Amino acid sequence: MRYISTRGQAPSLAFDDVLLAGLARDGGLYVPEAWPQFSQAQWRALRDRPYAEIAAAVLRPFVGGTIADADLERLATETYAGFGHPAVAPLKQLGPGLWTMELFHGPTLAFKDYALQLVGRLFDHVLAAKGTRVMVVGATSGDTGPAGIAACMDRAAVDIVMLHPNGRTSPVQRRQMTTVLSANVRNIALEGTFDDCQDAVKALFNDLEFRDRYNLSAVNSINWARVAAQIVYYAHAALSLGAPDRTVDFCVPTGNFGNVLAAYGAKRMGLPVGRMIVATNRNDIMARTVATGRMALEAVAPTVSPSMDVQISSNFERLMFELNARDGAATAAMMAKFRADGRLEFAPSQHADLAAEFDAGACDEAATLAEIGATYRTTGELIDPHTAVALHVARKARRGNNPVVVASTAHPAKFPDAVERATGVRPALPPRLADLFDRPERVEVLPNDLARIKQVVSDLASRTK
Ligand SMILES: *Cc1c(COP(=O)(O)O)cnc(C)c1O
């Protein structure tokens, strides 16, 4: 299996290099040169198998021999053994034909753990084989930071420095980062905004001498391995509900489009996925694009579901590549036009292709809180605001008789204020995190000064020299 860029100009790579590469050299995103296909019999054989076994089976064709089968199976088993629910991604029925798939049983209580916990181990394995190490550097507003740190902590060939804006992340999010005391982890609380953090990280990557000296790397959402690892829970859920002998729809709370793209990947692999419903908060560019075929940027508005406060959905380029019949030049031209104009119109036939598989809807702030409240009153379940957005949209956009599975992307205790406002109940952290607020923290509060940030990186690097 080789991987090609959505912009058609970068050299093709094998899985192990794609894992470490991030963005392709032509600015595109890597995708498999062809989608692997499972027969109905292959899917059926995976039904009722443990999550880790389904993970190894789904990932095997993507890994394409770059990691030995036995190693892949071991890494998958280790990864999901650490999750807080024996089913790993359990389904819960909320109504007739309506389910949530709980993706918050990983170490940081958000769906990103399901891919990143495995990707951290894959990184380590591949780096050990190549005899090198990497320094992951990232900026977070509070969302990807905890999952990124949890993925990298205590890995032998990986160090990580994470920047967050001092005093501007939620207390749960900050503590999920700063209470990690592993020797290979450093947290910087920058005196500035999230944009300052991001600019600082960009400056480090643009300093090519620095970047090469420390082998800087990222664990961002455009990494192909993350998408591949996310396909697993769609397969697991659909198989649990009777696939391949039954078709299942999914509704996904969407920001960067990485999660819903994995549902699309599962479908392309031959899993009977019906409609894929893209749910957004009031930052609704993706919902508008699916509904109208016109993509138009607007300003980002803050919401109670902050992990979806996104206007440029980076992973959408992978679907655009498919809508362009895998024509890299056409995709590159579209992306250039969108960057220049902030808007883009799909051809009617392309919009028809998009609408043949995807539905969409947006949910405003009042409806999000109302959904949390109504779900609690009618089912007794506390749900987080991201899940609420998707549940609201699923109820409205549903058509036909397929079961609809809503991706529940965060534990309610990650967003306790919104949940309490909507229900009067303050959700408790699960037992394994109950002492989060008693754990010691380690964090360096730094002025927005690149030299000081570089010093943290080089100090951390010198640890293993
Ligand atoms: C990251 C995130 C999302 C958005 O997922 P994308 O893959 O970026 O579309 C939704 N909900 C939660 C809780 C998240 O952390």
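The rules behind the values
Residues numbered from 1 in each chain as written. Predicted model: local features only at pLDDT ≥ 70, side-chain atom pairs only at ≥ 80, totals over all residues. Heavy atoms only, no water. Pairing = 2+ DSSP bridges. Helix = DSSP H or I, 4+ residues; strand = E, 2+ residues; numbered from the N terminus. Axes fitted to C-alpha atoms, helices over the stretch in contact; angles between N-to-C directions. Near = heavy atom within 4 Å. Polar contact = N/O pair within 3.5 Å; in protein donor to acceptor, adjacent residues only side chain to side chain. Areas by Shrake-Rupley, 256 points an atom, 1.4 Å probe, with all protein chains shown as cover. Nonpolar A, V, L, I, M, F, W, Y, C, P; charged D, E, K, R; others polar. Core = buried A, V, L, I, M, F, W, Y, C linked by side-chain atoms within 4.5 Å. Buried < 20%, exposed > 50% of the residue type's maximum accessible area, 1.4 Å probe, protein only. Contact = heavy atoms within 4.5 Å. Phe/Tyr/Trp six-rings, centres within 6.5 Å; stacked < 30°, edge-to-face > 60°. 1 Å grid on protein atoms, 1.4 Å probe; cavity = no way out; pocket = protein on both sides within 12 Å on 5 of 7 lines; lining within 4 Å. Points joined across faces, edges and corners; volume = space filled by probe spheres on them. Salt bridge = Lys/Arg side-chain N within 4 Å of Asp/Glu carboxyl O. Parallel < 35°, antiparallel > 145°, perpendicular 65-115°, else oblique. Left-handed = near helix turned anticlockwise from the far one by under 90°.

Caption draft 1: Structural context of the sheet that holds strand S3 (residues 91-95). Here we have six strands laid out as an open sheet, ordered S3-S4-S14-S9-S10-S13, and mixed in their pairing. Each edge of the open sheet is held by one strand with a lone partner, namely S3 and strand S13 (358-362). Strand-to-strand twist in this sheet, taken as the mean axis angle between neighbours without regard to direction, amounts to 25°. Of the strand pairs in this sheet, strand S9 (residues 248-253) and strand S10 (residues 273-280) are connected by five bridges, and their pairing is parallel. Across the sheet, residue Pro253 finds its bridge partner in S10, namely Ala279.

Caption draft 2: Here's a closer look at the site of the ligand. In the vicinity of the ligand, 15 residues are found, and the nearest of them are Lys112, Gly255, Asn256, Asn259 and Thr409. Measuring from an oxygen atom of the ligand, one finds a backbone N or O atom of Gly258 at 3.2 Å. For the ligand, whose accessible area on its own is 390 Å², the fraction buried by protein is 96%. Its residues assigned to classes, the shell around the ligand comprises five nonpolar, eight polar and two charged.

Caption draft 3: Structural detail: the nonpolar core. Of all hydrophobic cores here, the largest spans 104 residues; its most connected members are Phe250 and Phe358. Take this core: its biggest share by element is 13 residues, from helix H10 (residues 224-240). Leave out the neighbours within four places in its chain, and Phe250 touches Met101, Tyr234, Ala237, Ala238, Val273, Arg275, Met276, Ile277 and Val405. Counting residues in each nonpolar core, the second largest holds 24 residues, with Cys251, Ala388, Ala394 and Ala418 among its members.

Caption draft 4: Region of interest: helix H11 (residues 258-268). Counting buried positions along H11 gives nine out of 11 residues, so the element sits mostly inside the fold. Within two residues after H11, Gly270 carries a phi angle of roughly 100°, on the positive side.

Caption draft 5: Highlighting the environment of Val119. Examined against the element boundaries, Val119 turns out to sit in helix H5 (residues 112-130). Separated by 279 residues in the primary sequence, Val119 and Arg398 place their C-alpha atoms 33 Å from one another.

Caption draft 6: Examining the packing of aromatic side chains more closely. The full count for this structure, using the stated rule, is 18 aromatic pairs. A centroid spacing of 6.1 Å and a plane angle of 90° characterise the contact between Phe316 and Phe346, whose relative ring orientation is edge-to-face. With Phe316 in helix H13 (residues 316-323) and Phe346 in the loop between strand S12 (343-345) and helix H15 (348-357), this pair connects stretches of sequence that are 30 residues apart. Under the relative-accessibility criterion, Phe346 is labelled buried at 5%.

Caption draft 7: Structural detail: the sheet that holds strand S15 (residues 444-446). A sheet is described by the order of its strands in space; here five strands give the open sequence S8-S5-S6-S7-S15, paired in parallel fashion. The strands lining the two open edges of the sheet, one partner per strand, are strand S8 (216-217) and S15. Seen against the sheet, helix H7 (residues 171-178) touches strand S6 (158-165) and strand S7 (185-190) and runs at an angle of roughly 155° to S6. Each of strand S5 (134-139), S6, S7 and S8 is contacted by helix H8 (residues 194-206), which is oriented at about 150° to S5, the strand it contacts most.

Caption draft 8: Inspection of empty space enclosed by the protein at higher detail. Taken as a whole and judged by the stated rule, the model has one cavity of 30 Å³ or more. Taken together, Thr254, Gly255, Thr280, Asn283, Ile285, Met286, Met308, Val310 and Ser313 make up the lining of the largest cavity. Partitioned by chemical class, the residues of the lining of the largest cavity number four nonpolar, five polar and no charged.

Caption draft 9: Spotlight on the pattern of salt bridges. In the structure shown here, the tally under the stated rule is 32 salt bridges. Two residues, Glu78 and Arg74, come together in a salt bridge whose shortest N-O distance is 3.4 Å. Here Arg74 and Glu78 lie together in helix H4 (residues 69-81), a separation of four residues that amounts to about one turn. Taking the relative accessible area as the measure of exposure, Arg74 reaches 38% and is therefore partly exposed.

Caption draft 10: Main features of unusual backbone geometry. Of the consecutive residues Ala243 and Pro244, the connecting peptide bond is found in the cis state with omega at 5°. Secondary-structure assignment places Pro244 in the loop between H10 and S9. The residue Asp48 is not glycine, and still its phi comes out positive at about 65°. Note on Asp48: relative accessible area 72%, which makes it exposed.

Caption draft 11: A look at the side chain of Asn281. With respect to the helices and strands, the residue Asn281 is situated in the loop between S10 and helix H12 (285-292). Reaching out from Asn281, the side chain makes a polar contact with the side chain of Asp309 at a distance of 2.9 Å. Contact partners of Asn281, with chain neighbours within four places excluded, come to Thr303, Ser305, Met308, Asp309, Ala362, Cys363 and Val389.

Caption draft 12: Representation of the environment of Ile54 in the model. Within the fold, Ile54 resides in helix H3 (residues 51-63). Along the backbone, Ile54 and Arg432 are 378 residues apart, and their C-alpha atoms lie at a distance of 26 Å. Sequence-distant contacts of Ile54, that is, excluding residues within four places in its chain, are made with Leu46, Arg49, Val232, Ala235, His236 and Leu239.

Caption draft 13: Just the packing of helix H6 (residues 144-152) against H7, in detail. Here H6 crosses H7 at 20°, and the two axes come no closer than 9 Å. Judged by the angle between their axes, H6 and H7 are roughly parallel. Between H6 and H7 lies a crossing of left-handed hand. Contacts from Gly145, Pro146 and Ile149 of H6 reach H7 at Gln173, Gln176 and Met177.

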